[in-house]
Amino acid sequence: MNGLTIEQINETKKMCQKMRINALKMAYSSGDRGAHISGSLSCIEIYAVLYKWILNYDIDNPLWEKRDRMVAGKEHARLAEFPAMAEIGFFPECELEKFESNDGLLTGHPKNLKIGLEYSSCSLGTALPFALGKALYAKQFEKEYKVFVLVGDAECAEGHRVFRFFKRCRTYNYGVQ
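Residues numbered from 1 in each chain as written. Predicted model: local features only at pLDDT ≥ 70, side-chain atom pairs only at ≥ 80, totals over all residues. Heavy atoms only, no water.

**Things to note about the overall build of the protein**
Stage number 1. A count of helical and extended segments in the protein gives 7 helices and 2 strands.
Stage number 2. Listed N to C, the secondary structure of the protein is α-α-α-β-α-α-β-α-α in terms of helices and strands.
Stage number 3. Over its C-alpha atoms the protein spans a radius of gyration of 16 Å, differing by no more than 12% from the 16 Å that the globule rule assigns to 177 residues.
Stage number 4. In terms of principal-axis extent, the alpha carbons of the protein reach across some 45 × 35 × 30 Å.
Stage number 5. Across the 177 residues of the protein, 40% fall into the buried class.
Stage number 6. Residue pairs in contact within the protein that sit at least 24 positions apart in sequence constitute 70% of those at least 6 positions apart.
Stage number 7. When the accessible surface of the protein is summed, it comes to about 10200 Å², and 52% of that surface belongs to carbon and sulfur atoms.
Stage number 8. The averaged location of the 22 negative side-chain charges in the protein is 6 Å from the averaged location of its 24 positive side-chain charges. (Helix = DSSP H or I, 4+ residues; strand = E, 2+ residues; numbered from the N terminus. Rg over C-alpha atoms; globule rule 2.2 N^0.38 Å. Buried < 20%, exposed > 50% of the residue type's maximum accessible area, 1.4 Å probe, protein only. Contact = heavy atoms within 4.5 Å. Areas by Shrake-Rupley, 256 points an atom, 1.4 Å probe, with all protein chains shown as cover. Lys, Arg positive; Asp, Glu negative; His and termini not counted. Charge placed at Lys NZ, Arg CZ, Asp CG, Glu CD.)

**Description of the packing of helix α1 (residues 6-29) against helix α3 (residues 44-54)**
Stage number 1. Two elements in contact, α1 and α3, have axes separated by 9 Å at closest approach and are oriented at 125°. Looking at the two axes, α1 sits oblique to α3. Our pair here, α1 against α3, has a crossing hand that is right-handed. Each of Gln8, Glu11, Thr12, Met15, Cys16, Met19 and Arg20 in α1 lies in contact with α3, whose residues at this interface are Ile44, Glu45, Tyr47, Ala48, Val49, Lys52 and Trp53.
Stage number 2. Partitioned by chemical class, the residues of the contact of α1 with α3 number 8 nonpolar, 2 polar and 4 charged. (Axes fitted to C-alpha atoms, helices over the stretch in contact; angles between N-to-C directions. Parallel < 35°, antiparallel > 145°, perpendicular 65-115°, else oblique. Left-handed = near helix turned anticlockwise from the far one by under 90°. Nonpolar A, V, L, I, M, F, W, Y, C, P; charged D, E, K, R; others polar.)

**A closer look at helix α5 (residues 127-140)**
Stage number 1. With 14 residues, α5 extends 20 Å between its outermost C-alpha atoms, agreeing within 8% with the 20 Å of an ideal straight helix rising 1.5 Å per residue.
Stage number 2. Ala127, Leu128, Ala131, Leu132, Ala135 and Ala138 are the residues of α5 that are buried. Buried residues of α5 fall within an arc of 130° about the axis and therefore sit on the same side. (Expected span 1.5 Å × (residues − 1). Arc of directions from axis to C-beta.)

**Observations regarding unusual backbone geometry**
Stage number 1. A positive phi angle is found at glutamate 100, which is not glycine, with a value near 65°.
Stage number 2. Assignment of secondary structure puts glutamate 100 in the loop between α4 (78-88) and α5.
Stage number 3. Positive phi, normally seen in glycine, also occurs at glutamate 142, with a value near 55°.
Stage number 4. Within the secondary structure, glutamate 142 is located in the loop between α5 and β2 (147-150).

**Notes on a positive patch on the surface**
Stage number 1. A contiguous patch of positive charge on the surface is contributed by Arg164, Lys167, Arg168 and Arg170.
Stage number 2. Along the polypeptide, arginine 168 turns up in helix α7 (residues 159-171). (Patch = residues over 30% accessible without salt bridge, like charges linked within 9 Å, V, L, I, M, F, W, Y side chains within 5 Å. Salt bridge = Lys/Arg side-chain N within 4 Å of Asp/Glu carboxyl O.)

**Some remarks on the packing of aromatic side chains**
Stage number 1. Tallied over the entire structure, the rule returns 7 aromatic pairs.
Stage number 2. Seen in terms of ring centroids, tyrosine 47 and tyrosine 51 are 6.3 Å apart; in terms of plane orientation they differ by 25°. Their pairing is stacked. With a gap of 4 residues between them, tyrosine 47 and tyrosine 51 both fall in helix α3, about one helical turn apart.
Stage number 3. A residue is classified by how much of its surface remains accessible, and tyrosine 47, at 0% relative accessible area, is buried.
Stage number 4. Take tyrosine 51: its relative accessible area is 3%, and that puts it in the buried class.
Stage number 5. In textbook terms, an aromatic cluster arises when at least three aromatic residues are bridged by ring pairs, as seen for Tyr47, Tyr51, Tyr57 and Phe90.
Stage number 6. Geometry around tryptophan 53 places lysine 52 over its ring, the cationic atom sitting 5.5 Å from the centre. (Phe/Tyr/Trp six-rings, centres within 6.5 Å; stacked < 30°, edge-to-face > 60°. Lys NZ or Arg CZ within 6 Å of the ring centre and 35° of its normal.)

Here you go:
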C-alpha cells in the first residue's frame, strides 16, 4: 500500500470515532464481567486501518484459504477489534451490544474462530510463535496470504517466547515490521 488519500484518512477517522463509541458501549454493557478499555482504545486506529485498508479477507467466507492472517496477541484489545470487524461486516453491529453476555457471539477471550478471528486466546507470549508458524507454513507451501500480529506490553514481557520469535525470524530471514 502506498498510503491513504485524504478521503480515505477522513473515512478512517470517522470509522475510529464510531469504533470508540462502540468500544465504550461494549465495556458498559459487559457490566461486572469487566472489559479492558485502555488497551483497546490505544489500538483503535491500528485495527481500523488493518481491517479497512490492508487485510485481504472475504466476510462471507471467514475461513477462506487466501485470507490474510490477523493474529491478535493483545487479548485485552477485543473492544477495538470487534468494532472494526462489525464495521467491515463480519457480523451485525448489534452483536457488540451483547459483548460478554451468555447469548452473545463475542467474548473477551473468544473461542469462536468462525467469525473471522484467526487466533483464540492462549497464554501470553504465544501469539508471536503462532504467527511465525503461519508464516512458515505459507512460505513452505507457497500460500498467497500475509500474516499480521499485534502484541501488547504484557505479551512482550514474556521474554523467552518473544526472544525466540525474533531469533527464529532472523533464522528464516523474515522481515518484522
